[in-house]
Amino acid sequence: MLLSQKHKGVSHARNLGLSYATGEYINFLDSDDYLSENTLKDISEFFDKCGDKTDVAAIPMFYFGNYEGKHELNYKFKKTAVIDLDKEPNTLQFSISSAFIKHELLEDDFSTDLICSEDILLLYKILLKKKTLGVVDSASYYFRKRNGINYSDTFQFKKEFYNERLEKFHLNLIDYSKSDEGNVPLFVQYMLAYDLKTIIEQEHLFMCETAEDENQLFANLKEVSSCIDDDVILNNEFLSDSLKLFFYDLSRDNIHVEYEQNNVFLKIDDLIVDKLRSHKIWLNRVDLSGNILNLLGSFSSYFDNKNIAIEGVKTLKNGEKVAFASSYIDSLSGCDITYLSKPIHYQHHFDLKVPFNSNDKNIMIKLIYHKNGDRTDFSDENTISFYLNNDTS
């Protein structure tokens, strides 16, 4: 059967198709993708055997076309099985096209208020019923990767991808989970954390036209992230350390610096997220020009560059120590990881020149942390300093 209608978006098309569908199991195969020849047979046999345990069966996804490879969420396909999502909550299913669903469970329409994620919203509401997911490792879904940007990739450039999706997808599913379960199950939390990356990893706030938009974005992000447990963030293999820090800061809004005699800690509540002494100096170039030792290097951390200074300390044969300040290289230094216009991780590039001759015993590199951000204030109450190891690899 071929159905035709004025273009209204994927949700309208799927809803129209569902109104005519009569099969026992439903799949939403995209028009330029395809299934392996054995898929329908293997799915039928799986539901015959395990249909009383689950309502959804997923199959591995593989890319073809401009790019070939496997989807990063294929890790769950170790064997054909029914996965208990309460016991294995970090089992993510992010494609309704690579899933087969019992027709009787598709009683609700796809939301037409979302430009994307309407399929995952409906899928996870179905998964909440039995909290199981069938995985059939013998079948395959082939997803075409075209030159340039796929249609689904264009959503991130639209304003609706952000605040509207946070409200109508993330918070909608959170409210549904709480009303149905009394809480947000861990498997839903893992999905939310994974999906929020697509919002948080935007470097700039281009999607916010007004200050009101920006305030609403961060209020929505804070509300969603507050429903995600610490362990879901801390033990999440799909989140970088910088993303974990951003998540914690969103949900707790209490990032601060604490000091010890020989160390500086970046903390959120009692959680230590960075230790200044845990880092190394990276030396990119070391050369001797006449009697001048030139050291070009960098120091990276989650601590703001305005608090960091680098010195070279030369020890003479008589034991006397002489310090030489480095130059801060503005053109190379700065924040190298920014999420939604908020700096997270910093690179401090320096150029250090130290006079050197046969009477000198050694040269060490010292890091100085200026508590008040004034790198000209070397008073004892304002500074914590220590020598760092270096790495030239």
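The present account deals with the structure reproduced in this document. (Residues numbered from 1 in each chain as written. Predicted model: local features only at pLDDT ≥ 70, side-chain atom pairs only at ≥ 80, totals over all residues. Heavy atoms only, no water.)

1. Remarks on unusual backbone geometry
Here the phi dihedral of K131 falls at roughly 55°; this positive angle occurs in a residue that is not glycine. Here K131 lies in the loop between α3 (118-130) and β8 (132-135). A positive phi is found at L340, a non-glycine position, where the angle reads about 50°. Checked against the element boundaries, L340 lands in the loop between β18 (334-339) and β19 (342-355). Take L340: its relative accessible area is 1%, and that puts it in the buried class. (Helix = DSSP H or I, 4+ residues; strand = E, 2+ residues; numbered from the N terminus. Buried < 20%, exposed > 50% of the residue type's maximum accessible area, 1.4 Å probe, protein only.)

2. Some remarks on the packing of aromatic side chains
Within the structure shown, the criterion is met by 15 aromatic pairs. Ring centres of Y25 and F47 lie 4.2 Å apart, and the angle between their planes is 10°; this geometry places the pair in the stacked category. Of the two residues, Y25 sits in strand β1 (residues 25-26) while F47 sits in helix α2 (residues 39-50), which places them 22 residues apart along the sequence. Under the relative-accessibility criterion, F47 is labelled buried at 3%. Ring geometry for Y63 against F143: centres 5.9 Å apart, planes inclined by 75°, an arrangement best described as edge-to-face. One end of the pair, Y63, is in strand β4 (residues 61-65); the other, F143, is in strand β9 (residues 141-145), and 80 residues separate them in sequence. On the basis of relative accessible area, Y63 is assigned to the buried category, the value being 17%. Taking the relative accessible area as the measure of exposure, F143 reaches 17% and is therefore buried. Every member of this aromatic cluster is reached through a ring pair, and the members are Y34, F62, F64 and Y142. Over the aromatic face of F218 sits the side chain of K342, whose NZ or CZ is 5.0 Å from the ring centroid. Just above the ring of Y259 sits the side chain of K371; from NZ or CZ to the centre is 4.6 Å. (Phe/Tyr/Trp six-rings, centres within 6.5 Å; stacked < 30°, edge-to-face > 60°. Lys NZ or Arg CZ within 6 Å of the ring centre and 35° of its normal.)

3. Quick notes on the environment of Y248
Here Y248 lies in helix α8 (residues 241-252). When its relative accessible area of 4% is taken as the criterion, Y248 is described as buried. Separated by 217 residues in the primary sequence, Y248 and S31 place their C-alpha atoms 40 Å from one another. Leaving out residues up to four positions away in the same chain, Y248 has contacts with D230, I233, L234, D253, I268 and L271. (Contact = heavy atoms within 4.5 Å.)

4. Remarks on the sheet that holds strand β21 (residues 383-387)
Spatially, the four strands line up as an open sheet ordered β16-β15-β20-β21, and their pairing is antiparallel. On the outer flanks of this sheet lie β16 (321-325) and β21, each paired with one strand and no other. Taken pair by pair, the neighbouring strands of this sheet meet at an average axis angle of 30°, ignoring direction. The pairing of strand β15 (residues 308-316) with strand β20 (residues 360-370) spans nine bridges and is classified as antiparallel. Residue pairing in the sheet places A309 in a bridge with I368 of β20. (Pairing = 2+ DSSP bridges. Axes fitted to C-alpha atoms, helices over the stretch in contact; angles between N-to-C directions.)

5. A look at the layout of surface pockets
Space inside the second largest pocket adds up to approximately 300 Å³. Lining the second largest pocket are 16 residues, and of these I255, L266, Y302, P343 and Y346 lie nearest its centre. Elements with a contribution of two residues or more to the lining of the second largest pocket: α8, β10 (255-260) and β19. When residues of the lining of the second largest pocket are assigned to their parent elements, the largest contribution, four residues, is made by β19. (1 Å grid on protein atoms, 1.4 Å probe; cavity = no way out; pocket = protein on both sides within 12 Å on 5 of 7 lines; lining within 4 Å. Points joined across faces, edges and corners; volume = space filled by probe spheres on them.)

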